[in-house]
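Now for the letters of each chain:
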Amino acid sequence: MFHSRHFNCEPVAEGIYVLEAKEQGGAMSNAGLIDMGDHTLIFDTFNTPQAGKDLREAALYFFNQPIKYIINSHWHGDHVRGNQHFMEEIIVSTSTTRELMMKTQPDWLNRMKNLLPNLNEDIFKLNTSLDHEHNESKQQELTSELCYLLEIKESILTLKVTLPQLTFDRKMTLHGSKRSVELLTVGAAHTVCDTILYSPSDSIAFVGDIVAVDNHPLLIDGDPLSWLETLTYMESLKVDLIVPGHGPTTSSHYIQQIKQYINDLIGISKQMILDNDVMDVSHIEIPEPYLHWKFDSIFYRNLEFLTKAANR
Ligand SMILES: [Zn+2]
């Protein structure tokens, strides 16, 4: 079996693997490998070049054939920063996603390069704390943080911003000798333009960050109301399996959970506005269904975004 420090490989259908991000490592989000028969298609390329390198190796390991298309689901760095390992192949996104990558990724890299001295200092401090820490769970926490920073440092030193060469606007179908898959955009959701990869013959959809499982989905770069419509459209596809951008593969029933989350947060933010309580969101308690979800901080960023958006 293929081994990477960045992701685990899960077969989900004949000729389809989900590469699920490990907690420690440079992947951060999930990717997919699809055997099209005469070539391999890849969905998303992780958060770092080093994870992208393993992604390429995994694709060649599982399907001994040329890689042809690489899909970028949306502009967020944790889905596109492995692109540089696919310069010989064709990277595909919507035209809006490409524009947003062009606008954001070089700036991010310059900012991060300027922050390198601080990052080195943080790594040094974490190493020192780890040397003095005897509590096992705290050691694990520190190790996790240290691994994350080391992956980020490696990516800043090696990243070459690599943009898609082929763009589309609403829909594109890619055909292989074994299966055909559809790339669909359905309006703003998690970002202003997200792409779904839908394989009708396998009843599977790779949906990027339109769905996050057991993770707070990030609302601040998208449009929550239009997102709800996108989710309704996804339900109409009636797929068996949904591959989210973060968290384990799930069934289409989980779409309802994301709708509930968005509606719950809209409800909380409306109440905060009625109570004239929008200055500080930190006293709001995370509702019970979402207590175990990862990245609490995103819950608070989402609330800030919704209360500000409603106040505008
Ligand atoms: Zn995202």
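What you see is a predicted model; the values in this text were computed from it and never measured.

J.: Residue-level account of the overall build of the protein, with values.
T.: Each helix and strand in the protein was counted, giving seven helices and 13 strands. On C-alpha atoms alone, the protein measures out to a radius of gyration of 20 Å, which is about the 20 Å that the 2.2 N^0.38 rule sets for 312 residues. Each principal axis of the C-alpha atoms in the protein carries an extent, and together these give about 60 × 50 × 35 Å. Put simply, the protein has 312 residues, and 53% of those count as buried. The long-range share in the protein, meaning contacts at least 24 apart out of those at least 6 apart in sequence, stands at 65%. By element, 51% of the accessible surface of the protein is carried by carbon and sulfur atoms, the whole surface being about 14700 Å². Across the protein, the centroid of the 25 positively charged side chains sits 6 Å from that of the 42 negatively charged ones.

J.: Account for the pattern of salt bridges, naming residues and giving values.
T.: Taken as a whole, this structure holds ten salt bridges when the rule is applied. Across the pair E154 and R5 runs a salt bridge, and its minimum N-O distance is 3.4 Å. Separated by 149 residues along the polypeptide, E154 in helix α4 (residues 136–158) and R5 in the segment before β1 (7–13) bring together distant segments of the chain. The partly exposed category is assigned to R5, whose relative accessible area is 43%. Salt-bridge contacts for K294 lead to E23; the nearest nitrogen and oxygen are separated by 3.2 Å. Note that K294 is positioned in the loop between α6 (254–274) and α7 (296–311) and E23 in the loop between β2 (16–21) and β3 (31–35), a separation of 271 residues in sequence.

J.: Give a detailed account of the sheet that holds strand β7 (residues 166–168), specifying residues and quantitative values.
T.: The strand order across the open sheet built from seven strands is β1-β2-β3-β4-β5-β6-β7, with neighbouring strands paired in mixed fashion. The sheet is open, and its two borders are formed by β1 and β7, each paired with just one other strand. Averaged over all pairs of adjacent strands, the angle between their axes in this sheet comes to 20 degrees, without regard to strand direction. Bridge analysis of β1 against β2 gives six bridges, and the strand direction is antiparallel. Across the sheet, F7 pairs through a bridge with A21, a residue of β2.

J.: An account of the side chain of S29 is needed here, citing residue identities and associated values.
T.: Following the sequence through the fold, S29 ends up in the loop between β2 and β3. Separated by 2.5 Å, the side chain of S29 and the backbone oxygen of D78 make a polar contact. Discounting residues that sit within four places of it in the chain, S29 has contacts with L19, A21, F46, D78, H79, G245 and H246.

J.: Describe helix α3 (residues 116–132), listing the residues and the values that go with them.
T.: With 17 residues, α3 should cover 24 Å at 1.5 Å per step; its first-to-last C-alpha distance of 25 Å lies within 8% of that length. Among the residues of α3, L116, L119, I123 and L126 are the ones counted as buried. Buried residues along α3 cover an arc of 75 degrees about the axis, so they all sit on one side. For α3, the exposed residues set more than 90 degrees away from the buried face come down to P117, F124, D131 and H132. The elements touched by buried residues of α3 are α2 (95–114) and α4.

J.: Any chance you could break down the coordination of the zinc ion for me, citing the residues and the numbers?
T.: Binding of the zinc ion to the protein goes through H74 (NE2), H76 (ND1), H190 (NE2) and D209 (OD), at separations of 2.2 Å. Viewed at the metal, the four donor atoms of the zinc ion are separated by angles of 86 to 168 degrees, and the geometry they form is irregular.

J.: Run through the pairing of β2, naming residues and quoting values.
T.: Where β1 hands over to β2, the hairpin turn is made up of two residues, of which G15 adopts a positive phi near 80 degrees. Relative to β3, β2 runs antiparallel, the two being bridged by four bridges. Counted as the bridge partner of V18 is G32 from β3.

About the cut-offs
Throughout this description, residue numbers start from 1 for each chain and increase along the sequence as written. Per-residue local features of the predicted model are confined to residues with pLDDT of at least 70, and side-chain atom pairs are confined, for both listing and counting, to 80 or more; whole-chain, interface and lining totals are unaffected and use all residues. With hydrogens and water excluded, all non-hydrogen atoms of the structure serve as input to the side-chain values. Helical segments are the DSSP runs of H or I of at least four residues, strand segments are the runs of E of at least two, and each set is numbered from the N terminus. A radius of gyration in this sense is built from C-alpha atoms; the matching globule rule multiplies 2.2 Å by the number of residues raised to 0.38. Residue burial is assigned from relative accessible area. The probe radius is 1.4 Å, only protein chains are included, and a residue is buried under 20% of its type maximum, exposed over 50%, and partly exposed in between. Residues count as neighbours in contact if any of their non-hydrogen atoms are within 4.5 Å of one another. The method behind every accessible area is Shrake-Rupley, applied with a 1.4 Å probe, and residues are considered shielded solely by the protein chains displayed. For the purpose of charge, His is not counted, nor are the chain termini; Lys and Arg are scored as positive and Asp and Glu as negative. Here the site of a charge means NZ on Lys, CZ on Arg, CG on Asp, or CD on Glu. Salt bridge, as used here, is a side-chain nitrogen of Lys or Arg placed within 4 Å of a carboxyl oxygen of Asp or Glu. Two strands qualify as a pair provided that DSSP identifies no fewer than 2 bridges between them. The axes used here are C-alpha line fits, helices contributing only the stretch in contact, and every angle between their N-to-C directions lies in the interval 0 to 180 degrees. Nitrogen and oxygen atoms within 3.5 Å of one another constitute a polar contact, given that in protein one can donate a hydrogen and the other can accept it, and given that sequence-neighbouring residues count only through two side-chain atoms. Helix span, expected: 1.5 Å multiplied by one less than the number of residues in the helix. The directions from the helix axis to the C-beta atoms form the arc being described. With water omitted from the atoms examined, metal sites may look incomplete; donors here are N, O and S atoms no farther than 2.8 Å from the metal, or 3.2 Å in the case of Na, K and Ca. Under the classification used here, a metal with four donors is tetrahedral if each angle lies between 85 and 135 degrees, square planar if opposite donors are over 155 degrees apart and the others between 65 and 115, a six-donor metal meeting that same test is octahedral, and anything else is irregular.

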